[in-house]
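One-letter residues, chain by chain:
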Amino acid sequence: MSLESDLTQGLIAESTHLDIPINLGNSSAEILLEQLKSMQLIRTVENKIAEMRRVGKIGGPVHLGAGQEAIAVGISKHLRKSDRVFSAHRSHAHLLALGSDPRALFAEVLGRSTGMSRGMGGSMHLWDQSNGFYGSVPIVAGTVPLAVGAGLAAKMQGTGDIAVAYFGDGAAEEGVVHESLNLASQLKIPVLFVCENNLFSSHMHISQRQPLQSVARFAIANEIRHIVVDGNHLLDVDRAAERLIQSARSGNGPVFIEAVTYRQYGHVDWRDDIDVGVNRSSEDLKVWKNRDPITRLSDALIALVPTIHSVISRQQSEISRDVDAAWDLAEKDPFPAANALLDTVYSENTK
Ligand SMILES: Cc1ncc(C[n+]2csc(CCOP(=O)(O)OP(=O)(O)O)c2C)c(N)n1
Ligand SMILES: [Mg+2]
């Protein structure tokens, strides 16, 4: 059976496809090591945010995507700075995989004026146009039609650039996602829709919300070329992204990736057991932690080249040191002045 049919039959937690060790084929160990580094950085940044939220240093809520890093890293490899990437409340990985500075993210979650939204937005309002990140907002599905608009602009400019819309399985239940898929298909707009199907919308499992667990069926309904991937398998994501992005850049219209995955923290903030006992079982969490995308990739690399073990450990130590240093710097950054509060409000008469 395929991953897609496991999804439609609701067998994802038990699916053996997701337990198969990663086969690296003839991929370059050097490139994979770079991608692993990006995943390690994202995980380390998020673990730092989790810890700082736990001890009370971060004032606003944070939605962590630990366990889902392979998706953003596999996709971002095939993007260019002039593409336009949109995301939602769980967006740290999407941003960092594009090369954004962790210090500016830390400063934002700390509300400092050096943050990527000048400290006015927090974790759910991120922006880094220089790296192609056109924004995240917490209105579920709110950025999906914006990505379609940005894709239409790219098409009209004829540059071969694309837009990317990251959204969740919960967002796929918003009407505007279906309007967006329809319009993108009708007008052949170069958008890559990426549904991170982590099986949950807040605390509710997809089986309690939908007749089928598959989200890709909405791509089929709109005649959009799609691939369902194991979202915890970097190469699976990477290969699908390469093919589909190439197709979108060549003028063949929108494309769709459904990446099956799981978040290791609870829906919001630092506890991993917040959903357990609601509708997420600790057994499932254990199963999915065994499918950790970082461990799977590093194990496969070590199996291929045993000496790479020490390179990976050194890489992790350096990342941990740099992330701690970035946090310490961000913490010393100033808060915006009180009279800056209305500077970014769109009105001629705010003072
Ligand atoms: C329009 C809207 N409705 C409801 C919410 C409350 N809400 C915040 S996150 C979330 C779940 C979204 O699930 P999904 O899209 O699967 O993303 P995930 O949290 O799993 O990454 C909901 C319902 C919201 N922020 N916006
Ligand atoms: Mg979800």
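The rules behind these values
Sequence positions are assigned chain by chain, starting from 1 and proceeding in written order. Throughout, the order in which chains and ligands are written sets their labels, letters from A for the former and numbers from 1 for the latter. Since the coordinates come from a predicted model, pLDDT governs what is reported: local features require at least 70, and pairs of side-chain atoms require 80 or more to be given and counted, while whole-chain, interface and lining totals use all residues. To obtain the side-chain values, all non-hydrogen atoms of the structure were included, while hydrogens and water were left out. Note on conventions: DSSP H or I runs of at least 4 residues are helices, E runs of at least 2 residues are strands, and numbering of each starts at the N terminus. What the globule rule says is 2.2 Å times the number of residues to the power 0.38, and the radius of gyration is computed from C-alpha atoms. Relative accessibility thresholds used throughout: buried, under 20% of the residue-type maximum; exposed, over 50%; partly exposed, between the two (1.4 Å probe, protein chains only). Throughout, the Shrake-Rupley method with a 1.4 Å probe supplies accessible areas, and for residues the shown protein chains are the sole cover considered. The charge count treats Lys and Arg as positive and Asp and Glu as negative. His and the chain ends do not count. Charge positions come from single atoms, namely NZ of Lys, CZ of Arg, CG of Asp or CD of Glu. For Na, K and Ca the donor cut-off is 3.2 Å, and for all other metals it is 2.8 Å, counting N, O and S atoms only; because water is absent from this set, sites may look incomplete. For Phe, Tyr and Trp, where Trp contributes only its six-membered ring, two rings pair if their centres lie within 6.5 Å, and the inter-plane angle classes them as stacked under 30 degrees, edge-to-face over 60, or tilted in between. At least two bridges found by DSSP between two strands are what make those strands a pair. Note on geometry: axes are lines fitted to C-alpha atoms, helical ones only across the stretch in contact, with angles between N-to-C directions running from 0 to 180 degrees. In this text, near means that some heavy atom of the residue lies within 4 Å of the molecule or strand in question. Definition of a polar contact: a pair of N or O atoms within 3.5 Å, with one able to donate and the other able to accept a hydrogen when the atoms are protein atoms, and with sequence-neighbouring residues admitted only if both atoms are side-chain atoms. Expected helix span is computed as 1.5 Å times (number of residues minus one). Note on contacts: a residue pair qualifies if any of its non-hydrogen atoms lie within 4.5 Å across the two residues.

Some words on the overall build of the chain
At step 1: Scanning the chain for helices and strands turns up 12 helices and eight strands.
At step 2: What you see for the chain is a C-alpha radius of gyration of 20 Å, in line with the 20 Å of a compact globule of 351 residues.
At step 3: Each of the three principal axes of the chain carries a C-alpha extent, and together these read 60 × 50 × 40 Å.
At step 4: By residue count, 54% of the 351 residues in the chain fall in the buried class.
At step 5: Of the accessible surface of the chain, which amounts to about 15100 Å², a share of 53% is contributed by carbon and sulfur atoms.
At step 6: Of the side-chain charges in the chain, 33 are positive and 41 negative, and the distance between the mean point of each set is 3 Å.

Here's the deal with the coordination of the magnesium ion (ligand 2)
Reference geometry at the metal: tetrahedral coordination by four donors gives ideal angles of 109.5 degrees; octahedral coordination by six donors gives 90 or 180 degrees.
At step 1: The protein atoms that coordinate the magnesium ion (ligand 2) are Asp169 (OD), Asn198 (OD1) and Phe200 (O), at distances of 2.1 Å.
At step 2: Within one chain, the residues serving as donors to the magnesium ion (ligand 2) are arranged as D-x28-N-x1-F. Of the two residues, Asn198 and Phe200, both sit in the buried class.

Some thoughts on the packing of aromatic side chains
At step 1: This structure, assessed with the given rule, holds seven aromatic pairs.
At step 2: Ring plane angle 40 degrees and centroid distance 6.0 Å describe the contact between Phe86 and Tyr134, whose orientation is recorded as tilted. Here Phe86 is found in strand β1 (residues 84-87), whereas its partner Tyr134 is found in strand β2 (residues 133-136), with 48 residues between them in sequence.
At step 3: Arranged with centres 5.0 Å apart and planes meeting at 5 degrees, the rings of Tyr262 and Trp288 form a pair that is stacked. With a gap of 26 residues between them, Tyr262 in the loop between β8 (255-260) and α10 (282-289) and Trp288 in helix α10 connect regions that are remote in the sequence.

A few points about the sheet that holds β2
At step 1: Taken in spatial order, the six strands line up as β2-β1-β3-β4-β8-β7 in an open sheet, and their pairing is parallel. Edge positions in the sheet fall to β2 and β7 (225-230), since each of these pairs with one other strand and no more. The mean angle between the axes of side-by-side strands here comes to 15 degrees, regardless of whether they run parallel or antiparallel.
At step 2: With three bridges connecting them, β1 and strand β3 (residues 163-168) associate as parallel partners. Following the sheet pairing, Val85 is matched in β3 by Val164.

Comments concerning the site of ligand 1
At step 1: For ligand 1, the set of nearby residues contains 15 residues, the closest of which are His89, Arg90, Pro138, Gly170 and Asn198.
At step 2: Taking Pro138, its main chain carries an N or O atom lying 2.9 Å from a nitrogen atom of ligand 1.
At step 3: Computed on the free molecule, ligand 1 has an accessible area of 590 Å², of which 72% lies beneath the protein chains in the complex.

A word on helix α11 (residues 293-304)
At step 1: Across its 12 residues, α11 extends 17 Å between first and last C-alpha, which sits within 8% of the 16 Å expected from 1.5 Å per residue.
At step 2: Residues of α11 that are buried include every one of Pro293, Ile294, Arg296, Leu297, Ser298, Ala300 and Leu301, and no others.
At step 3: Elements in contact with the buried residues of α11: α2 (29-54), α3 (69-76), β7, α9 (234-249) and α12 (308-332).
At step 4: If you check the start of α11, you find a side-chain oxygen 2.8 Å away from the backbone N of Ile294, and it comes from Asp292.

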